[in-house]
Structures are given as C-alpha cells and as structure tokens.
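Chain by chain, the residues:
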Amino acid sequence: MSFIMSFFVVLVILAVGEIVSTKTKAFVPSVFVAALLFLLGFWYGWFPLDVVEKAGMGNPVATISMYLIIVHMGTLMSIRELCAEWKTIAIAAAALGGMVAMLVTVGKALIGWDAVVIGTPPLSGGLVAAIMMAEAAAKKGLTELAVLGTVIYVVQGFVGYPLTALCLKSEGKRLLQLRKENPGAFAKAVASDGEAKRKALLPPLPEKYQTTFTHLAAIALVACVSDYAAASLKSWLIGLNPAYGAYALHPLVICLIFGAIAAELGIVERKPLLKASSFGFILTAIMGFIMSMLNKATPDMMLKILYPLAIVVVVGVSGLLVGSVLIGKLLGYTGPMSMALSLTALYGFPPNYVLTDEASKALAGGDEDTYNFLMSHMLPRMLTGGFITVTITSVILAGIFINML
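How each quantity is defined
As a convention, each chain's residues are numbered from 1 in the sequence order in which they are written. Reporting in this predicted model follows two pLDDT cut-offs: at least 70 for local features of residues, and 80 or more for side-chain atom pairs to be given and counted; totals over whole chains, interfaces and linings ignore these cut-offs and use all residues. To obtain the side-chain values, all non-hydrogen atoms of the structure were included, while hydrogens and water were left out. Each helix corresponds to a stretch of at least 4 residues labelled H or I by DSSP, and each strand to a stretch of at least 2 residues labelled E; elements are numbered beginning at the N terminus. Put simply, the radius of gyration uses C-alpha atoms, and a globule should come to 2.2 Å times the residue count raised to 0.38. Only protein chains enter the accessibility calculation, which uses a 1.4 Å probe. A residue is then buried if its area is under 20% of the maximum for its type, exposed if over 50%, and partly exposed in between. Whether two residues are in contact is decided by their heavy atoms, any of which lying within 4.5 Å being enough. Here, Shrake-Rupley sampling with a 1.4 Å probe gives the accessible areas, and only protein chains in the shown set may cover a residue. Charge assignment: positive for Lys and Arg, negative for Asp and Glu; neither His nor the chain ends contribute. Throughout, a charge is located at the NZ atom of Lys, the CZ atom of Arg, the CG atom of Asp or the CD atom of Glu. For Phe, Tyr and Trp, where Trp contributes only its six-membered ring, two rings pair if their centres lie within 6.5 Å, and the inter-plane angle classes them as stacked under 30 degrees, edge-to-face over 60, or tilted in between. Look at NZ for Lys and CZ for Arg. If either is within 6 Å of the ring centre and within 35 degrees of the ring normal, a charge sits over the ring. Residues belong to a common nonpolar core when they are buried Ala, Val, Leu, Ile, Met, Phe, Trp, Tyr or Cys residues joined through side-chain atoms within 4.5 Å. Here an axis means a line fitted to C-alpha atoms, over the contact stretch when the element is a helix, while the angle between two N-to-C directions is reported on a 0 to 180 degree scale. Here is the rule for handedness: rotate from the far helix to the near one, and if that takes an anticlockwise turn smaller than a right angle the crossing is left-handed, while a clockwise turn gives right-handed. Note on residue classes: Ala, Val, Leu, Ile, Met, Phe, Trp, Tyr, Cys and Pro are nonpolar, Asp, Glu, Lys and Arg are charged, and everything else, Gly too, is polar. Salt bridges, as used here, are contacts in which a Lys or Arg side-chain nitrogen is within 4 Å of a carboxyl oxygen on Asp or Glu. Patch rule: a residue counts if its relative accessible area is over 30% and it has no salt bridge; like charges are joined within 9 Å, and nonpolar side chains (Val, Leu, Ile, Met, Phe, Trp, Tyr) within 5 Å. Working rule for helices: expected span equals 1.5 Å times residues minus one. Just so you know how the angles are binned, under 35 degrees is roughly parallel, over 145 roughly antiparallel, 65 to 115 roughly perpendicular, and the rest oblique.

**Student:** I'd like a rundown of the overall build of the protein, residues and numbers included.
**Tutor:** Helix and strand counts for the protein come out as 20 helices and 0 strands. In terms of overall size, the protein behaves like a compact globule, its C-alpha atoms giving a radius of gyration of 21 Å where 405 residues would be expected to give roughly 22 Å. C-alpha atoms of the protein, sized along the principal axes, occupy 60 × 55 × 50 Å. With 405 residues in all, the protein has 51% of them scored as buried. When contacts within the protein are restricted to residue pairs at least 6 apart in sequence, long-range pairs at least 24 apart make up 82% of them. When the accessible surface of the protein is split by element, carbon and sulfur atoms take 69% of a total near 18,200 Å². Computed over 27 positive and 22 negative side-chain charges, the separation of the two mean positions in the protein equals 5 Å.

**Student:** If you had to explain the packing of aromatic side chains to someone new, which residues and values would you point to?
**Tutor:** Counted by the stated rule, this structure contains 5 aromatic pairs. Geometrically, the ring pair formed by F42 and F47 is edge-to-face, given 5.4 Å between the ring centres and 80° between the ring planes. With a relative accessible area of 8%, F47 lands in the buried category. Taken together, a centroid distance of 6.1 Å and an interplanar angle of 20° make the contact between Y44 and W46 stacked. Comparing Y44 with W46 shows no difference in burial state: the two are exposed. By the ring-pair criterion, three or more aromatic residues cluster together here, those being F38, F42 and F47. Of note, R381 hangs over the ring of Y333, and the distance from its end group to the ring centre comes to 4.1 Å.

**Student:** Can you break down the nonpolar core residue by residue, with the values?
**Tutor:** Counting residues in hydrophobic clusters, the biggest one holds 112 residues, and the most contacted among them are F38, I69, M73, F349 and Y353. Tallying contributions element by element places helix 20 (residues 368–402) first for this core, with 13 residues. Core analysis: the next-biggest nonpolar cluster, separate from the first, contains 5 residues, A62, Y153, F289 and M293 among them.

**Student:** Before we move on, could you go through the packing of helix 6 (residues 86–111) against helix 7 (residues 113–123) and cite the residues and values that matter?
**Tutor:** Contact geometry for helix 6 and helix 7: axes closest at 9 Å, N-to-C directions at 145°. At the point where helix 6 passes helix 7, the crossing takes the right-handed sense. Mapping the contact onto sequence places M99, V100, L103, V104, G107, K108 and I111 in helix 6 and W113, A115, V116, T120 and L123 in helix 7. Its residues assigned to classes, the contact of helix 6 with helix 7 shows 9 nonpolar, 2 polar and 1 charged.

**Student:** Got a sec to walk through the pattern of salt bridges? Specific residues and values, please.
**Tutor:** Summed over all chains, the structure comprises 4 salt bridges. Across the pair R270 and E264 runs a salt bridge whose closest N-O atoms are separated by 3.5 Å. Put simply, K275 and E269 hold a salt bridge, and the shortest N to O gap is 3.2 Å. Taking relative accessible area as the criterion, E269 reaches 18% and is therefore assigned buried.

**Student:** How would you summarise a nonpolar patch on the surface if you had to cite specific residues and measurements?
**Tutor:** Together, M1, F3, I4, M5, F8, V12 and V16 line one region of the surface with nonpolar side chains, adding up to about 660 Å² of accessible area. Take M1: it is sitting in the segment before helix 1 (3–23).

**Student:** So what's going on with helix 10 (residues 157–181)? Which residues, and what values?
**Tutor:** Counted at 1.5 Å a residue, the expected span for helix 10 with its 25 residues is 36 Å, and the 36 Å between its end C-alpha atoms agrees. All of the buried residues in helix 10 are G157, F158, G160, Y161, T164, A165, C167, L168, K169, E171, G172 and L175.

**Student:** Explain the packing of helix 12 (residues 212–240) against helix 13 (residues 251–265) residue by residue, including any values.
**Tutor:** Between helix 12 and helix 13, the least distance of the axes is 8 Å, while the angle of their chain directions is 130°. With respect to each other, helix 12 and helix 13 are oriented oblique. The crossing of helix 12 and helix 13 is right-handed. When helix 12 is examined against helix 13, the residues V222, A223, V225, S226, D227, A229 and A230 are found in contact with a partner set consisting of P251, I254, C255, F258, G259 and A262. Classifying every residue of the contact of helix 12 with helix 13 gives 10 nonpolar, 2 polar and 1 charged.

**Student:** Could you give an account of the environment of H377, naming the residues involved and the relevant values?
**Tutor:** Within the secondary structure layout, H377 lies in helix 20. Taking the relative accessible area as the measure of exposure, H377 reaches 27% and is therefore partly exposed.

Structural data, given as structure tokens:
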C-alpha cells in the first residue's frame, strides 16, 4: 500500500467515526467507531499493520503534534481556571485509589496477585506504564501476563468511550437546565470570563503579521520552553535523589500550564491553532497515531488473556467510578462529571477532548454560544483529569507495582 493510499484509508476510517457520531448525536462516540474499524482492519488484513506509519502519522509527527495541541489547549484556560482545578485533581486521585483498592482485593481473589500487579498501572491509561509492566513481566518469565499489560492499554478505551459519552451528555443537559433556570448568573459568569481572557500584558501582534507561520512559531516557542523546563526540573529532582525523578512533571503537563501563562502574557494568541488553520490536521495526526496502537492486539492474544483482561477492566473501572463519585459528592461535583473525569484514566488525550467536543456539539444543536458554554464548563476538568491519571499517576503506580511483582 502506497503512502497516499495509507493516508486515505486512515482518513476514511476517522471520517466514518465522525459521521456515525453525528448521526447518533454523539451516543456512539467517533473514537469508539474508529477504534473498532481499525481493530477489525488489523485482524482481517484490510490494510497493513503499519498503515498509520505509512501515512506519515507516526513519530516524530505525532509527538510534535501533541506538544502543539496541548499548548493550544492551555491557551483556552485562564490561570484562575487552572488553580480552580484542585478539586478535579482530588477526584482523579480518589478514583485511582478506588481502582487500586478494588483490584488488590477483589481482583486478587479472582485472578491472582501477578495479574493484578501487571494489569493495574496500564489501566490508568499510560503508555509508559504499560511498557514498564510488560518488560517487568517478561523478565520474570510471565509471557502471557506481559501481553496482558499491553492489551489492557490498547483496548480499555472500548469501555471508556461510551461510558464517558453518556456521562458528559448527562452533565451537559444538567448545565443547560441550570442556565435555563437562571440565565443571568451564567451570562454574567461567561462574560466576565471572556473579558479576563481578552486582557494580556503584552500588546497583540498587528493583524497583518498574524499568519499561519507566526502563530505556529509562537506555539512552538512555548512548547520548546516547556520541554526544557521539564528536563531541567527532572534533572534537579534526580540530583536531590534519583528516586525523585519519577515525580517530575511530564513535558505535556508543563505545556498546558505554560500555554495558559503565555496566553495571559500575550506571548501567544488564544486558540492559536484555529487562527493558524491547523487544528484539524494536527488532531487528525494524533488520532491516527493513537489508533495505530491497536495493531498489537491480535485475536490470539485476546483469547489467551480474555478472562484476566475482563476482570482487571471490570473490577478496576468499578473502583474508578465508586472512588470518583464518593469524593466528587463531598467536593460539590455531580456524579456524571466525577465519573467522566475519572474515566479519562482509560484513554487520556486526545479522546478526552474529542468526547467533550462531540457531547457539546450534540447538545448545542449548532448554537455556538451554547457549545462554548458547555466546553468552558466541562473541558478544563476533562483535560486536567486526563493529565493527572494518564500522564502523571500511571507512571508513579508502575514504579510502585514493579517492586511488588
């Protein structure tokens, strides 16, 4: 298959997912449909296993795209919003605590200690965690369980996507009902928030110089500074104690924070990828890369580990939901919103953005103000939840659980 045919195939699958999602008003998420089609395509040989790489959506394009799009997401948030997400962090941490508690008790009784130890960190969504546990299992001679960690990582989205879509639609309907009952309060809040976002310490670049290249250059500058900051922080922590290196912030987390700061300062515009007319293409490249990971889940592999896989996912997700709802209720979050942000552990970014976008579009019915209202209330929580569970905590869990094998 040529590179351009591979590119066409990947785009057709992603497009079918979007069409189904639109047709069902986001009841069936696009990422779920796309993942299913990719999985079937890999299994039945409709296209080669490296179709995404042939299409040019592998590394380093995917990694660069991740850096750019996370800075973009940061510009959508104010510093005040970032600071206000401490509740989201607490709920995400509680959700993971519930997941671990359920797996080391109920899960251990059903499938044994080794399977629980290897399966728990990948269930929190991190690719690094999945690789760490798979390598640790292989060194111990646990071949099938080494496969378990990888398969959990690549298929857990099939559980997370539809559940998250239902939760977000429920939360969105609640928000719209509240706005309908008290439109003045929400209008004032949105207006004041928009006013805060328009202010910046540095004057904006003259309109005639705001081109695709200048916007992308500004985003790349912030991403570059974020990457150096993350490396410096990790080096400093390792210098204090080599064990502290596991607690360093991931570069993408710093991209999100620095994106918000840069937008406040006026270094980069709000929604820069949209102004650069590049958002759609970059998101496409990332989605293609995420789907390529399904090529590791072969039918034989699935059959061998079907039982422990089902136990880890069902028991672990139950713990996630229970932990998030209990703490969310104490902190004033609704059940659906608490569950939605905890479920980001199953997939992370960009599906958390795509699912929030689809739910908001379906409920907005084409009204841009309603769409922006829903996104402003749900997206910051979903992004923060994803970073806490997938990017940070999954690696910490892997570092702890490796020593328990």
